[in-house]
Amino acid sequence: MSRKKIRVLVAKPGLDGHDRGAKVVARALRDAGMEVIYTGIRQTPEMIVEVALQEDVDVIGLSCLSGAHLELFAEVMDRLRQKGMDSVKVVAGGIIPGEDVPALEKIGIRAVFGPGARTPDIVAAVRRLVTGE
Amino acid sequence: MPGKRRERWEKEVLGPALKRFPERQPGFRLTSGLEIRPLYTPDDLEGADLEESPGYPGEYPFGRGIQPTMYRGRLWTMRQYSGFASAEESNRRYRYLLEQGQTGLSIAFDLPTQLGYDSDSPLARGEVGKVGVPVDTLRDMEVLFEGIPLDGVSTSMTINATAPILLAMYIALAKRQGADPARLDGTIQNDILKEYIARGTYIFPPGPSLRLTTDIFRYCRQNLPRWNTISISGYHIREAGATAVQEVAFTLADGIAYVRAAIDKGLNVDDFAGRLSFFFDAHNNLLEEVAKFRAARLLWAEIMKERFGAKDPRSCMLRFHTQTAGCTLTAQQPYNNIVRVAVQALAAVLGGTQSLHTNSYDEAYATPSEEAVTAALRTQQVLAYESGVADTVDPLGGAWLVEKLTRDIAAAARQYIQKIDSLGGALAAIEKGFQQREVQESSYRYQREVEAEERVIVGVNKFVTPYTKIEKLHRVTAGEARKQVARLNKVRRERDGGAVAAALEELQKAARGEENTMPAFLRCVEAYTTVGEMCDALREVFGVQREFLIF
């Protein structure tokens with residue numbers, strides 16, 4: 001029996017246009033059989049949460065390479081909570097120094113994938129978050 | 001047709017050897033997919049006239065370099081790109097680099113400055129001072145260049161959508177220092193087409209953006225004759241995942257579009273083409289990269305002469321800046337990056353670059369520390385003064401392999417340019433998402449090759465060991481953004497509001513009409529109008545551009 005497809009929103013909050021990683025991840029998730037929505041660059045936290053709500057996604061993958069991740073990811077998490085979307089799992093990637101990972105985990109981000117992360121690991125992590133397996 | 005001696009060697013020597021010791025992988029390819037052969041001999045260049053192409057340095061078609069003496073005359077400009085969270089801190093770094101023997105400045109601006117938002121805009125949240133220096137008004141530029149006479153340095157500014165504003169500020173500041181704008185030396189990136197393809201910091205639709213570009217060409221021709229009015233950039237296209245061939249082809253296709261736009265505005269090709277400059281990436285494959293730089297020079301000379309009928313040899317010279325490939329830096333085993341950067345920098349020098357930025361080993365994490373940026377600059381100095389490669393012109397010229405690859409890359413790029421022509425030129429192709437899709441395909445293929453371990457990245461998918469993370473990372477705190485906003489508010493309080501309103505009105509009027517917008521930008525910046533105010537005024541006139549192809 002086929003399970004409902006996992007729905008993932010890949011989103012780029014902030015102003016940086018470095019979308020190579022986000023697009024590679026989006027494509028790898030899609031090739032792994034997931035339903036992927038990619039927002040494009042320069043999205044505000046409001047826009048991202050709005051799309052996540054409309055598209056009824058299971059997971060949001062946030063990508064930021066400008067160094068604005070702490071502020072912007074926190075705002076996404078706040079807005080998700082305000083909308084009662086606590087069941088949506090959030091993962092992140094980009095140029096994120098290791099020392100910031102605990103702070104991101106504290107606000108509820110489930111996994112952080114830095115430079116050199118492998119897409120099979122990202123796919124597996126997303127799947128595990130949704131299915132709990 | 002292989003010569004007799006080569007045929008015999010292949011049959012009697014190579015064949016038996018391959019039977020006993022097969023090659024270590026099924027085939028060897030360049031990033032562009034072009035095959036690289038086991039051996040190159042004169043047979044690979046049969047029928048080629050090397051006297052014609054690459055020719056001789058300093059004359060058409062410039063395959064061996066744009067000057068007759070190249071680095072025997074003057075070394076390339078060592079230009080480290082940097083910009084910190086505040087104008088004060090950036091100013092300190094610029095002075096430090098100049099003291100260390102750097103020969104040109106290169107300014108990194110933060111994203112709000114690049115996208116036309118003031119530091120207190122809600123859209124600038126979290127971004128102020130993160131990837132470069134924030135500039136809201138002329139006041140920030142005054143601090144940024146404190147103690148640096150603008151007529152004594154050459155300054156490169158990585159600025160595109162807001163290029164006319166930052167150029168106007170630079171001119172205004174020079175005037176205040178008492179410098180003659182005609183003596184100003186430097187470059188603005190001002191390349192909006194690659195923003196649509198790869199880098200993402202565009203504001204307005206292509207039509208008005210290209211109009212601002214040509215306004216700068218015209219203004220500089222009159223007032224800043226030594227200024228490089230554009231740096232047509234393949235760097236970001238390559239960083240986004242393009243192959244070497246795509247980098248050359250898409251960059252030169254953009255170049256064609258700028259030349260066409262200027263000619264359509266009534267400019268004479270030889271009046272502006274000599275001020276065009278280029279910006280390329282230096283990736284890891286040394287031989288492919290050297291051939292790439294030479295191929296780009298040959299192709300551009302051909303395009304300018306044959307397509308645009310340029311008469312002045314300077315119009316046919318492809319002058320370029322190089323940066324080593326940021327995308328090849330790894331967070332794993334970061335000190336390996338120093339070696340990668342050295343190899344890439346060597347490729348740029350062997351390829352005849354006019355200026356060079358070497359990346360710092362900690363850049364996979366953050367803006368470089370002083371220690372890391374010093375090591376990067378020293379890498380260039382070792383190449384320049386110790387390696388010997390700067391002591392003769394085009395040292396690899398005439399090598400069978402290099403000449404063959406130069407021809408192959410030029411031919412493959414020429415085909416891509418023909419394809420873009422058939423789509424209606426670079427802009428029409430961008431609107432269809434052609435270049436973006438090609439780059440995405442290449443980047444995904446590259447990632448799969450790395451993950452399948454067909455492509456080795458030392459320390460990432462082979463020779464993996466635990467490693468020490470870099471300490472002393474450069475961090476930007478929220479306090480610095482608050483200071484910037486405070487300075488902005490002070491300027492807003494102290495300036496003449498009436499003069500700002502009048503200058504903005506004049507800017508909108510110029511934007512709606514046909515006249516050159518540069519004088520209106522100058523009037524705005526001199527009245528301490530903010531970057532955000534000017535861009536908002538232009539957004540009303542021009543509208544804004546959305547992403548052409550998302551995924």
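Just so it is clear, the model here is predicted, and its values are computed rather than measured. (Residues numbered from 1 in each chain as written. Chains lettered and ligands numbered in written order. Predicted model: local features only at pLDDT ≥ 70, side-chain atom pairs only at ≥ 80, totals over all residues.)

Bringing the overall build of chain A into the picture now. Along chain A, the regular secondary structure elements total five helices and five strands. Considered along the principal axes of its C-alpha atoms, chain A spans approximately 45 × 35 × 25 Å. Burial statistics for chain A: of 133 residues in total, 51% are counted as buried. Here the analysis covers contacts within chain A between residues at least 6 apart in sequence; of these, 73% occur between residues at least 24 apart. (Helix = DSSP H or I, 4+ residues; strand = E, 2+ residues; numbered from the N terminus. Buried ≥ 20, exposed ≤ 12 C-beta atoms within 10 Å, placed from the backbone. Contact = placed C-beta atoms within 7 Å.)

What follows covers the interface of chain A and chain B. How large an interface is tends to be reported as the accessible area lost when its parts come together. Taken together, the contact between chain A and chain B spans 28 residues of the former and 32 residues of the latter. Broken down by secondary-structure element, the contributors of at least two residues to the side of chain A that touches chain B are α1 (20–31), α3 (69–82) and α5 (119–131) of chain A. Among the elements that line the side of chain A that touches chain B, the one with the most residues is α1(A), at five residues. Here the side of chain A that touches chain B is composed, by residue class, of 11 nonpolar, 10 polar and seven charged. (Nonpolar A, V, L, I, M, F, W, Y, C, P; charged D, E, K, R; others polar.)

Our focus in this paragraph is the sheet that holds strand β3 (residues 105–108) of chain B. All names here are of chain B. Across the sheet, which stays open at both edges, the five strands sit in the order β2-β3-β4-β5-β6 with parallel pairing between neighbours. Each of the sheet's edge strands pairs with one partner strand only, and the pair in question is β2 (81–82) and β6 (227–228). Bridge analysis of β2 against β3 gives two bridges, and the strand direction is parallel. Among the inter-strand pairings, serine 82 is bridged to a residue of β3, identified as isoleucine 107. (Pairing = 2+ DSSP bridges.)

Residues and elements named next belong to chain B. Following both chains from N to C, one finds helix α11 (residues 286–307) and helix α14 (residues 400–422) inclined at 55 degrees, their axes separated by 8 Å at the closest point. Classified by the angle their axes make, α11 and α14 are oblique. Along this stretch, α11 crosses α14, giving a crossing that reads as right-handed. Between α11 and α14, the residues in contact are Leu287, Glu288, Val290, Ala291, Lys292, Arg294, Ala295, Leu298 and Leu299 and Leu401, Val402, Leu405, Thr406, Ile409, Ala410, Ala413 and Arg414, respectively. Residue composition of the contact of α11 with α14, grouped by class: 12 nonpolar, one polar and four charged. (Axes fitted to C-alpha atoms, helices over the stretch in contact; angles between N-to-C directions. Parallel < 35°, antiparallel > 145°, perpendicular 65-115°, else oblique. Left-handed = near helix turned anticlockwise from the far one by under 90°.)

Attention now goes to unusual backbone geometry. Residues and elements named next belong to chain B. Of note, the amide linkage connecting serine 53 to proline 54 takes the cis form, showing an omega dihedral of 15 degrees. Among the structural elements, proline 54 can be located in the loop between α1 (4–20) and β1 (77–78). With an omega dihedral of 0 degrees, the bond running from tyrosine 60 to proline 61 counts as a cis peptide bond. Examined against the element boundaries, proline 61 turns out to sit in the loop between α1 and β1. Here the phi dihedral of glutamine 333 falls at roughly 45 degrees; this positive angle occurs in a residue that is not glycine. Relative to the helices and strands, glutamine 333 is located in the loop between β9 (320–324) and α12 (336–350). For tyrosine 528, which is not glycine, the phi dihedral falls at a positive 65 degrees.

The next point concerns the pairing of strand β4 (residues 154–158) of chain B. Residues and elements named next belong to chain B. Of all the five residues making up β4, four are buried; the element is thus mostly covered by neighbouring parts of the structure. Relative to strand β5 (residues 185–188), β4 is paired through four bridges, and the arrangement is parallel. Bridging from a neighbouring strand, methionine 157 pairs with isoleucine 188 of β5. Considered for its hand, the β-α-β crossover made up of β4, helix α5 (residues 163–177) and β5 is right-handed. (Right-handed = clockwise from strand over helix to strand, strands pointing away.)

Time to look at α12(B). Residues and elements named next belong to chain B. Over its 15 residues, α12 extends 22 Å from the first C-alpha to the last, a length consistent with the 21 Å expected when each residue adds 1.5 Å. By the burial criterion, the buried members of α12 are Asn337, Arg340, Val341, Gln344, Ala345, Ala347, Ala348, Val349 and Leu350. For α12, the elements touching its buried residues are β8 (276–282), α11, β9, β10 (355–357) and α13 (370–385). Immediately beyond the C-terminal end of α12, within one or two residues, lies glycine 352, with a positive phi of roughly 85 degrees. (Expected span 1.5 Å × (residues − 1).)

Residues and elements named next belong to chain A. Relative to the helices and strands, histidine 18 resides in the loop between β1 (7–11) and α1. For histidine 18, a count of 23 C-beta atoms within 10 Å corresponds to the buried category. Separated by 76 residues in sequence, histidine 18 and glycine 94 place their C-alpha atoms 9.2 Å apart.

A word on the nonpolar core. The biggest cluster of nonpolar side chains holds 153 residues, and the ones touching the most others in it are Leu252(B) and Ala413(B). The leading source of residues in this core is helix α9 (residues 244–264) of chain B, at 13 residues. (Core = buried A, V, L, I, M, F, W, Y, C linked by C-beta atoms within 7 Å.)

Next up on the list: the confidence of the model for chain B. The share of residues in chain B with pLDDT of 70 or more is 100%, and the mean pLDDT across the chain is 95. For this predicted complex, the interface confidence comes out at an ipTM of 0.93, alongside a pTM of 0.95. (pLDDT = per-residue confidence, 0-100.)

For the rest of this paragraph, the subject is the sheet that holds strand β4 (residues 89–94) of chain A. All names here are of chain A. Within the open sheet, the five strands sit side by side as β2-β1-β3-β4-β5. Their pairing is parallel. This sheet does not close on itself; its edge strands, each paired only once, are β2 (35–38) and β5 (111–113). Put simply, the sheet's adjacent strands are angled 20 degrees from each other on average, direction ignored. Judged from the four bridges that link them, β1 and strand β3 (residues 59–64) form a sheet pairing that is parallel. Across the sheet, the residue bridging to leucine 9 is isoleucine 60, located in β3. The strands that helix α2 (residues 45–55) touches are β1, β2 and β3; relative to β1, the one it contacts most, it runs at about 165 degrees.

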